[in-house]
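Okay, here's what each chain looks like letter by letter:
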Amino acid sequence: MRDEYKSSTVYQIYIKSFCDSNGDGIGDINGIRKKLLYIYSLGVKYIWVTPFFCSPMADNGYDVSDYRNVNPMFGTMEDCEAMIREADELGMGFMFDMVFNHTSDEHEWFKKALAGDPEYMDYYIFRDNPPEWTSVFGGPAWKFVPSLGKYYLHLFDPKQPDLNWDNPKVREELKDVVRFWKEKGVKGFRFDVLNRISKPANLEALPAGDGSYFCKDGPHIHEYIQELVSDTGIGEMITVGEMASTTLEQCIKYSNPEGTELSMCFNFHHLKVDYKDGGKWTLLPPDLHELRRIFTTWQEGMSKAGSWQALFWCNHDQPRIVSRFGDEGKYWKESAKMLATFIHLLRGTPYIYQGEELGMTNAHFTDISQYQDVESTNYYKIMRENGVSEADALAILAAKSRDNSRTPMQWTSGNNAGFTSGKPWLSVNPNHTKISVDAEELDPDSILNYYRELVRLRKDCPAISEGNVKFLDSGNENVIAYERTLGNERVVVLCNFSGNDEKVKGIDVKGKVLIGNYSGSHKMMKPYEVLVILES
Ligand code: TEU
Ligand code: CA
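Since this is a predicted model, take the numbers as computed values, not measurements.

Our next topic: the overall build of the protein chain. The helix and strand inventory of the protein chain stands at 17 helices and 22 strands. At 23 Å, the protein chain has a C-alpha radius of gyration in line with the 24 Å of a compact globule built from 536 residues. Expressed along its principal axes, the backbone C-alpha trace of the protein chain runs to roughly 70 × 55 × 50 Å. A sequence separation of at least 24 residues applies to 69% of the contacts in the protein chain between residues at least 6 apart. Per element, the accessible surface of the protein chain, about 19,800 Å² overall, is 49% carbon and sulfur. Placing the 59 positive and 77 negative side-chain charges of the protein chain at their respective mean positions leaves the two points 3 Å apart.

The strands making up a sheet associate through backbone hydrogen bonding, with each pair oriented either parallel or antiparallel. With parallel pairing, 8 strands are arranged side by side in an open sheet as β13-β12-β10-β5-β2-β1-β15-β14. Each edge of the open sheet carries a strand with a single partner, namely β13 (264–266) and β14 (310–311). Bridge count between strand β10 (residues 188–191) and strand β12 (residues 238–242): 4 bridges; the pairing is parallel. Following the sheet pairing, Arg190 is matched in β12 by Val240.

Among the secondary structure elements, Asn129 is positioned in the loop between β6 (126–127) and β7 (133–134). Along the primary structure Asn129 and Tyr151 are separated by 22 residues, whereas in three dimensions their C-alpha atoms are 7.6 Å apart.

In terms of nonpolar packing, the biggest core is built from 156 residues, with Phe96, Trp313 and Phe342 touching the most fellow members. Within the second largest apolar cluster, 12 residues are counted, among which are Ile125, Phe137, Phe156 and Val193.

Moving on: the pairing of β12. The element β12 is extensively covered by neighbouring structure, given that 5 of its 5 residues are classed as buried. A two-sided burial pattern is seen for β12, the buried positions comprising Ile238, Val240 and Glu242 on one face and Thr239 and Gly241 on the other. At this point the chain moves from β12, through helix α9 (residues 248–254), to the parallel β13, and the crossover so formed is right-handed.

What follows covers the packing of aromatic side chains. In the structure shown here, the tally under the stated rule is 43 aromatic pairs. Taken together, a centroid distance of 4.7 Å and an interplanar angle of 45° make the contact between Tyr120 and Tyr123 tilted. Under the relative-accessibility criterion, Tyr120 is labelled buried at 13%. Considering the side-chain rings of Trp133 and Trp142, the 5.9 Å spacing of their centres and the 45° angle between planes classify their relative orientation as tilted. Side by side, Trp133 and Trp142 carry an identical accessibility label, which is buried.

Here we come to helix α10 (residues 288–305). The terminal C-alpha atoms of α10, which comprises 18 residues, lie 26 Å apart, in line with the 26 Å expected from a rise of 1.5 Å per residue. Turning to α10, its buried residues number three or more, namely Leu288, Leu291, Ile294, Phe295, Thr296, Trp298, Gln299, Gly301, Met302 and Ser303. Each element contacted by the buried residues of α10 is listed here: α9, β14, α12 (332–344), β16 (468–472) and β17 (479–486). Backbone geometry just after α10 places Gly306 at a positive phi near 75°.

Further remarks concern helix α6 (residues 168–183). A rise of 1.5 Å per residue sets the reference length of α6, with its 16 residues, at 22 Å; its end C-alpha atoms lie 23 Å apart and thus fit the reference within 8%. Burial in α6 covers these residues: Val170, Arg171, Leu174, Lys175, Val177, Val178 and Trp181. Seen from one end, α6 has its buried residues packed into an arc of 150°, which puts them on one side. Positive phi shows up at Gly185, right after α6, with a value of about 105°.

So, on to the site of ligand 1. In the vicinity of ligand 1, 16 residues are found, and the nearest of them are Asp59, Asp192, Lys280, Asp317 and Glu375. Glu242 is positioned such that a nitrogen or oxygen atom in its side chain is 3.1 Å from an oxygen atom of ligand 1. Out of a free accessible area of 490 Å², ligand 1 has 91% covered by protein chains. In this structure the site holding ligand 1 corresponds to the largest pocket. Per-class residue counts for the shell around ligand 1 are 4 nonpolar, 3 polar and 9 charged.

Attention now goes to the coordination of the calcium ion (ligand 2). Note on metal geometry: ideal angles are 109.5 degrees for four donors arranged tetrahedrally and 90 or 180 degrees for six donors arranged octahedrally. Within the protein, Asp20 (OD), Asn22 (OD1), Asp24 (OD), Ile26 (O) and Asp28 (OD) serve as the donor atoms for the calcium ion (ligand 2), at 2.3 Å. Counting the intervening residues between successive donors of the calcium ion (ligand 2) yields the motif D-x1-N-x1-D-x1-I-x1-D.

Cut-off values and rules
- Residues numbered from 1 in each chain as written.
- Chains lettered and ligands numbered in written order.
- Predicted model: local features only at pLDDT ≥ 70, side-chain atom pairs only at ≥ 80, totals over all residues.
- Heavy atoms only, no water.
- Helix = DSSP H or I, 4+ residues; strand = E, 2+ residues; numbered from the N terminus.
- Rg over C-alpha atoms; globule rule 2.2 N^0.38 Å.
- Contact = heavy atoms within 4.5 Å.
- Areas by Shrake-Rupley, 256 points an atom, 1.4 Å probe, with all protein chains shown as cover.
- Lys, Arg positive; Asp, Glu negative; His and termini not counted.
- Charge placed at Lys NZ, Arg CZ, Asp CG, Glu CD.
- Pairing = 2+ DSSP bridges.
- Core = buried A, V, L, I, M, F, W, Y, C linked by side-chain atoms within 4.5 Å.
- Buried < 20%, exposed > 50% of the residue type's maximum accessible area, 1.4 Å probe, protein only.
- Right-handed = clockwise from strand over helix to strand, strands pointing away.
- Phe/Tyr/Trp six-rings, centres within 6.5 Å; stacked < 30°, edge-to-face > 60°.
- Expected span 1.5 Å × (residues − 1).
- Arc of directions from axis to C-beta.
- Near = heavy atom within 4 Å.
- Polar contact = N/O pair within 3.5 Å; in protein donor to acceptor, adjacent residues only side chain to side chain.
- 1 Å grid on protein atoms, 1.4 Å probe; cavity = no way out; pocket = protein on both sides within 12 Å on 5 of 7 lines; lining within 4 Å.
- Sits in = over half its atoms within 2 Å of the grid points.
- Nonpolar A, V, L, I, M, F, W, Y, C, P; charged D, E, K, R; others polar.
- Donors = N, O, S within 2.8 Å, 3.2 Å for Na, K, Ca; no water.

Shown next, in the form of structure tokens:
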């Protein structure tokens, strides 16, 4: 049903770290099947699972060597079909992750290209004299192939060559992949780095700089997305594009209400408010003024245009939010609930990233050998080469590394958090003795049970799923407040982002408390307090 996603919540699984069914230390498809009832118990409608297709795993599956087959490390096609069917029986649908900006360098197409086959060279972006661009994971974005005397573009790792979407054959191949999974019964799609697929004309004439920046929202981007959507018939399904560093105007088009492109987009501006001078590898407390400004602009702007947003704090690329904008120590539970409420009651479709619903924290690794992520290990080297001390570089990784969100899901307080009977591929967080599904199931006041309430509220309360959104002036930089309105209903959400008592001025509201984390008053808010009031 079109638009069903407006009252739904999505759960994101990072398969490698979710649940291991066979003791090899790696999460897998049968592990997901074992936990479908748990996911169902959250009340979510859709499950986005990160790529499990054939891959040499240079970037944990975001380097696909065969889009139509399951990586044996994660299971078989039969397992995958059973997983889709079993979710369907529970009324849930899978969203598969389409990595279409690039393939693996071990994909058959790229192997043929490297062998000099002109047909396949035109599947990728080869140039004689490319500009000096840097890649997202550090180092140059162009790699020289001596046998061809040319460079190829890789916005990410050298093992992730960028595809040439200007070639109609490439677009046809990728549409076929979408049709293949659609026929298997998948209910939606997530498209990786989608706003980078249309590359600028005259690449060679462009200046040096960040390659990814030059490729955002390229000249044919809307045309290619519209073609992909209409030719595969996915316009009625739930679709989300990953659109980093884009503008509000572009996102309004990407998720336009006519439905010619996608249902919604991920954008990341709100997750850069702790980047010093825009750089990820820095340490800075979150700028709450900026956070409020970004949400106001995007929420109100998208609402006015009738476009739709994906709402999230966490994913497999981001540090854990309770460690980042909350307080994982003294106010662990309070801040996790406040942050959850802030995101879930906004206008859009909320995404829960595995373990977020437990208040899972950053990994707190102290040695470089504990990290596995290619971006983290590359940037550690780059920081050290640039004179950053070992201690400082490790402190930055401890705050920013993608591995913070990739430690195994904490199912139990027991051995390896119940994730595997073997040796986990990435260390389990020692705090699983306190933070786990088992422990939180027993506690009615747990973060887990609170997330269930939030998912239910979106389904039950039309002002939350469909209402208008407006940010309110709380007279206090640390308290961000907004209202959702529909007909006679008004839902007011007040969030204290600080660890202190905070006074609120100028917000008048009377009604019943829908949800909150203290039994407080909205005039004086406790540390990390959230209060949601329904007026009708
Ligand atoms: O991420 C793309 C992206 O632009 C960022 O989220 C980026 O990975 C991050 O900022 C690095 O700090 C997607 C996937 O989500 C990510 O896991 C992949 O590594 C990447 O694409 C390449 O496929
Ligand atoms: Ca396994």
